[in-house]
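Residue-level structural notes
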Amino acid sequence: MTTRTSWADLAANSAAENVGVGSSSDSIKVAGSTSGGGRPAYVPPHLRNRPLSVDPPAPTSSGPASSNDRPGQGGSSWAAARNGYNNRSGYGGSGVRGWGGRSGGWDRGRDREVNPFGNDDDTEQAFSEQENIGINFDAYEDIPVETSGDNVPPPVNTFAEIDLGEALNLNIRRCKYVKPTPVQRYAIPISLAGRDLMACAQTGSGKTAAFCFPIISGIMRGPVPQKPLRARTVFPLALMLSPTRELSMQIHEEARKFSYQTGVKVVVAYGGAPINQQLRELERGVDILVATPGRLVDLLERARVSLHMIRYLALDEADRMLDMGFEPQIRKIVEQMDMPPPSVRQTMLFSATFPREIQRLASDFLANYIFLAVGRVGSSTDLIVQRVEFVQESDKRSHLMDLLHAQRANASQGKQALTLVFVETKKGADSLEYWLCMNGFPATTIHGDRSQQEREQALRSFKSGATPILVATDVAARGLDIPHVAHVVNFDLPNDIDDYVHRIGRTGRAGKTGLATAFFNDNNSSLAKSLADLMQEANQEVPAWLTRYAARSFGGRNRRPGGGRFGSRDFRRDSSFNRGGSDYYGGGNNAGGYGGGYGANVASSWD
DNA sequence: AAAAAAG
């Protein structure tokens, strides 16, 4: 019963820190102010753009100041939309783009760029009173970083050292990014140098910005492309692929912020949504296309999109994109359509975990690439308390109920903290959701059998706190940034430790503590070893019974030969990489840039 | 074996 008590406490604490669930905000962000005196907390950069005050970002000297830049408030034009090298005209059949020189407030027509920062103010203000999360950049100093490859460009320490262009710099300020994160410090100079990149890094640490900034900047500086004239076919210059629709939407939203008033047009295309609207967006011109593979293939086969002019290719969650299910599709897009070869385009792959086999596949897409692994001090994982409980299948529901009751009992302000429950199957998700609702716990569910509308509605309803419990399959495991998730429950454990890592990474974000509870039973014995190792490395309490399980079970794919390590080592440095060995992860024992304290599976909350 | 991704 002691464990039960500690659960309740943990859940309550986690809940207490996460009660700031807004009533209607879809994008909750944290204060970018100084620490409240607590222990240093890591705040992902994309969560830092919460205004410090009601005032808009300080205008720069480059243009006349305006008190606000929201649409409908008149023709503010303080961001230099045309800044020297950016004189791109509307190609792709869209006519002239009119963002820069708009005249008045009446022209909210098709060429009016909606301010992606505009809608945040009201909701953000409400949160600024409740939260005071600090950004601890000192923690970065200790982060182990490994680079390999020829002539690796040196990292930078500030955005000022990088010449990204004035419009982009302005957006960086609007996002309240003060200083580049480690992955940005390394990846941006590498990308600006035109090099291909394979990077291990977490989404939450500014990964999206790390590949967006150089791409946007490169497009702005690059020559205005002479695109082939082909009716109804568009020729994007950059392609960003991701494994789920929601993640593509998220990347699109981020990229829109970064490219605001740069003249660079970002369009998203994914399945499950009416294609006609996406086609219309494309026809209005596209520089950066964010897409999921299926819809993109559709567009390519209809010849509505051509990859002929692609200069930049970015794969997010690259290890997922190249796993068994996705690989043929990705290969088709990258190798069998009209995309320029690796030596002509610039390719960037990002993922938290890079299994050796995936690295091998990925290297087909790259030319003389640089491998980058940005580690993280162990303390970051301390933000997530991991618990494992032995629960038989038949007891799972009542066990979950106990957890939820404890959370509810301890919830402050009557506001239930957000709980994300992962299950193995879509059917299981529906059935658990139904059961929870029947038992008085407002829940919703997200999985691949639901319509896209239902999926998006579920996510909104969860984020807003209307249904503070979200039952999800692995569709929600990767990359999604859902603020205020206090508790991740692995109702069914995944078969792959990497999936576990991605799942628990949905909590413990934005410097908040998070709790991750896993239900373990005989069905999960193959995961025992890797789970125990992972928890051990993250300084978590490993139950004795789990250690016993780990000792006697062999976990197939999850086993890490040679003691295993976090999969962030360049497989090219492995002398055995061309022998076709069966190692899942590249690797020897701590042979690389990571010291001893950074061993197996410390990937933890990485995306 | 399941999930995701086109319709």
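Reading the values: the criteria
Residues numbered from 1 in each chain as written. Chains lettered and ligands numbered in written order. Predicted model: local features only at pLDDT ≥ 70, side-chain atom pairs only at ≥ 80, totals over all residues. Heavy atoms only, no water. Helix = DSSP H or I, 4+ residues; strand = E, 2+ residues; numbered from the N terminus. Buried < 20%, exposed > 50% of the residue type's maximum accessible area, 1.4 Å probe, protein only. Contact = heavy atoms within 4.5 Å. Areas by Shrake-Rupley, 256 points an atom, 1.4 Å probe, with all protein chains shown as cover. Pairing = 2+ DSSP bridges. Axes fitted to C-alpha atoms, helices over the stretch in contact; angles between N-to-C directions. Near = heavy atom within 4 Å. Polar contact = N/O pair within 3.5 Å; in protein donor to acceptor, adjacent residues only side chain to side chain. Salt bridge = Lys/Arg side-chain N within 4 Å of Asp/Glu carboxyl O. Phe/Tyr/Trp six-rings, centres within 6.5 Å; stacked < 30°, edge-to-face > 60°. Core = buried A, V, L, I, M, F, W, Y, C linked by side-chain atoms within 4.5 Å. Domains from an automatic or database assignment.

For chain A, the count of helices and strands is 18 helices and 14 strands. The buried share of chain A, taken over its 607 residues, is 62%. Considering only intrachain contacts with a sequence separation of at least 6, the fraction spanning at least 24 residues in chain A is 79%. For chain A, the accessible surface area stands at approximately 22600 Å², while carbon and sulfur atoms represent 49% of it.

Spatially, six strands are ordered 9-14-13-10-12-11 in an open sheet, and the strand pairing comes out parallel. The open sheet is flanked by strand 9 (384-390) and strand 11 (443-446), the only strands paired with a single partner. Across the sheet, the axes of successive neighbouring strands diverge by a mean angle of 20 degrees, strand direction being ignored. Looking at chain direction, strand 9 and strand 14 (residues 514-520) are connected through seven bridges and run parallel. Note on strand 14: the bridge partner recorded for R387 is T517.

This part takes up the sheet that holds strand 3 (residues 238-241). Sheet architecture is open: eight strands sit in the order 1-8-2-7-6-3-5-4, paired in mixed fashion. Whereas interior strands pair on both sides, the edge strands pair on one side only; in this sheet they are strand 1 (145-148) and strand 4 (266-269). If you compare each strand with its neighbour and ignore which way they point, the axes differ by 15 degrees on average. Bridge count between strand 2 (residues 197-200) and strand 7 (residues 346-351): four bridges; the pairing is parallel. Along strand 7, the bridge assignment pairs M198 with L349.

Here we take up helix 9 (residues 293-301). All buried positions along helix 9 are accounted for by P293, R295, L296, V297, L299 and L300. At its buried positions, helix 9 is contacted by strand 3, strand 4, helix 8 (275-283), strand 5 (288-291), helix 10 (318-321) and helix 11 (327-336).

On to the protein's contact with DNA strand B. Looking at DNA strand B, there are 23 residues lining it, with G271, G294, R295, K426 and G448 nearest. When atoms of DNA strand B within 4 Å of the protein are sorted by moiety, sugar and phosphate together comprise 76%. Here a phosphate oxygen of DNA strand B and a backbone polar atom of G294 are 3.0 Å apart. T473 is positioned such that a nitrogen or oxygen atom in its side chain is 3.0 Å from a phosphate oxygen of DNA strand B.

Scanning the entire structure with this criterion turns up 26 salt bridges. In this structure, R331 engages D364 in a salt bridge whose closest nitrogen and oxygen atoms are separated by 3.1 Å. In this pair, R331 sits in helix 11 while D364 sits in the loop between helix 12 (356-362) and strand 8 (370-374), placing the two residues 33 residues apart along the sequence. Owing to a relative accessible area of 16%, R331 belongs among the buried residues under this scheme. Here the salt bridges share partners, and the residues they tie into one network are E327, R331, E335 and D364.

The next point concerns the packing of aromatic side chains. Going through the model one piece at a time under the given rule, you end up with 13 aromatic pairs. Where F520 meets W545, the ring centres are 5.5 Å apart and the plane angle is 50 degrees; that geometry is what we call tilted. Of this pair, F520 sits in strand 14 while W545 sits in helix 18 (residues 544-552), and the two are 25 residues apart along the sequence. Residue class for F520 comes out buried when judged on its relative accessible area of 0%. Among the residues examined, W545 registers a relative accessible area of 21% and is labelled partly exposed. Where F520 meets Y549, the ring centres are 5.1 Å apart and the plane angle is 75 degrees; that geometry is what we call edge-to-face.

Attention now moves to the nonpolar core. L197, F213, I215, M240, F258, I288 and F350 are the most contacted members of the largest nonpolar core, which totals 69 residues. At nine residues, helix 6 (residues 207-221) tops the list of elements feeding residues into this core. Split by domain, the residues of this core number at least three in each of domain 1 (166-374) and domain 2 (379-559). Residues contacting I215, with those up to four places away along its chain left out, are A238, M240, I288, Y312, A314 and M348.

This paragraph deals with the environment of T347. Relative to the helices and strands, T347 resides in strand 7. Classification of T347 by relative accessible area gives buried; the value is 0%. The spatial distance from the C-alpha of T347 to the C-alpha of R195 is 7.9 Å, given a sequence separation of 152 residues. With residues up to four places along the chain from it excluded, the contact list for T347 reads D196, L197, L313, F365 and L366. Among the polar contacts listed, one links the side chain of T347 to the backbone oxygen of F365, at a separation of 3.4 Å.

Listed in full, the buried residues belonging to helix 17 (residues 528-537) are A528, S530, L531, A532, L534 and M535. Summarising the contacts, the buried residues of helix 17 are in contact with strand 9, helix 16 (497-504), strand 14 and helix 18. Just downstream of helix 17, N539 is the residue with a positive phi angle, here 60 degrees.

Let us now look at the side chain of D319. Among the structural elements, D319 can be located in helix 10. With relative accessibility at 5%, the residue D319 sits in the buried group. Polar contacts involving the side chain of D319 include one to the side chain of R478, which spans 2.8 Å. Setting aside chain neighbours within four positions, we find D319 in contact with S351, T353, P355, I358, R478 and H502.

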